[in-house]
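Architecture and fold: a report
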Amino acid sequence: MVLGISEFDVEDTLDSMLNDMDSQKTQEKPPVQEVPKINDDEKKQKITKWQLLSNRLNDTQIKLINEKGELPPNAKFVPKLFGGYKIVNNWFNIRTGTCILPFGYEVKQNIFGYTVVVPIGASGLFIKK
């Protein structure tokens, strides 16, 4: 007994403090966000060579590229001469570029149906929403 406090009182006090801290941790769980599931058919979807030549992708392909953040192996993002990116073919794997969506960019369609790579949140007269 030191200063009128028994060692059993100290242990009980420490146990009760630890139990209070554990109960606060369990009560303060952050909300969990669910990740949208992508179908196996969409994962395996390819971009045909005609779509790459005409630069016209359908809405599901554009949505999949923006969600996954990458192109299939037969296509690449290539920088344009005056800034920005475009999607081109990657036949025989000789094209210089990346299959991963560049940081800060997303894929959209313009009003004529052509696929464009624009900065995230870009809007304009010719870009579809």
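Here's a quick rundown of the structure. This is a predicted model, so every value here is computed, not measured.

1. Overview of the pattern of salt bridges
The final tally for this structure, using the stated rule, is one salt bridge. Note that glutamate 106 and lysine 108 form a salt bridge whose closest N and O atoms lie 3.6 Å from each other. Take glutamate 106 and lysine 108: they sit in the same class, and that class is buried.

2. Points about the environment of isoleucine 65
With respect to the helices and strands, isoleucine 65 occurs in helix H4 (residues 59-68). The spacing of isoleucine 65 and isoleucine 100 is 35 residues in sequence and 9.2 Å in space, taken between C-alpha atoms. In contact with isoleucine 65, other than residues within four places in its own chain, are Ile47, Leu57, Glu70, Leu71, Phe77, Leu101 and Val107.

3. A short note on H4
Buried within H4 we find Gln61, Ile62, Leu64 and Ile65. Axial view of H4: buried residues confined to an arc of 165 degrees, hence all on one face. Among the exposed residues of H4, those oriented more than 90 degrees off its buried face are Asp59 and Lys63. Positive backbone phi, approximately 80 degrees, marks glycine 69, located one or two places after H4.

4. Some details on a nonpolar patch on the surface
The grouping of Trp50, Leu53, Trp91, Phe92 and Ile94 at the surface amounts to a nonpolar patch, some 710 Å² of accessible area in total. As for its placement among the helices and strands, isoleucine 94 is situated in the loop between strand E2 (85-89) and strand E3 (105-109).

5. Some points on the pairing of strand E4 (residues 115-119)
Across five bridges, the pairing between E3 and E4 is antiparallel. Opposite lysine 108, over in E4, you have valine 116 as the bridge partner. Between E3 and the antiparallel strand that follows it, E4, lie five residues; glycine 113 among them carries a positive phi value of about 95 degrees.

6. Observations regarding the packing of aromatic side chains
Scanning all chains against the criterion turns up two aromatic pairs. Between the aromatic rings of tyrosine 85 and tyrosine 105, the centroid separation amounts to 5.1 Å while the plane-to-plane angle is 80 degrees, which identifies the pairing as edge-to-face. Separated by 20 residues along the polypeptide, tyrosine 85 in strand E2 and tyrosine 105 in strand E3 bring together distant segments of the chain. Over the ring of tyrosine 114 we find arginine 56, and its NZ or CZ is 4.2 Å from the ring centre.

7. Here's the deal with the pairing of strand E1 (residues 75-79)
For E1, the tally of buried residues reaches four of five residues, placing the bulk of the element in the interior. In the sheet, E1 pairs with E2 via five bridges, with the strands oriented antiparallel. Note that in E2 the partner of proline 79 across the bridge is tyrosine 85. Between E1 and E2, which pair antiparallel and follow one another directly, the connecting turn spans five residues, one of which, glycine 83, has a positive phi of 100 degrees.

8. Topic: the nonpolar core
Within the largest apolar cluster, twelve residues are counted, these being Ile47, Leu52, Leu57, Ile62, Ile65, Leu71, Ala75, Phe77, Ile87, Leu101, Val107 and Val117. The set of elements that each furnish at least two residues to this core consists of H4 and E1.

Criteria and cut-off values
- Residues numbered from 1 in each chain as written.
- Predicted model: local features only at pLDDT ≥ 70, side-chain atom pairs only at ≥ 80, totals over all residues.
- Heavy atoms only, no water.
- Salt bridge = Lys/Arg side-chain N within 4 Å of Asp/Glu carboxyl O.
- Buried < 20%, exposed > 50% of the residue type's maximum accessible area, 1.4 Å probe, protein only.
- Helix = DSSP H or I, 4+ residues; strand = E, 2+ residues; numbered from the N terminus.
- Contact = heavy atoms within 4.5 Å.
- Arc of directions from axis to C-beta.
- Patch = residues over 30% accessible without salt bridge, like charges linked within 9 Å, V, L, I, M, F, W, Y side chains within 5 Å.
- Areas by Shrake-Rupley, 256 points an atom, 1.4 Å probe, with all protein chains shown as cover.
- Pairing = 2+ DSSP bridges.
- Phe/Tyr/Trp six-rings, centres within 6.5 Å; stacked < 30°, edge-to-face > 60°.
- Lys NZ or Arg CZ within 6 Å of the ring centre and 35° of its normal.
- Core = buried A, V, L, I, M, F, W, Y, C linked by side-chain atoms within 4.5 Å.

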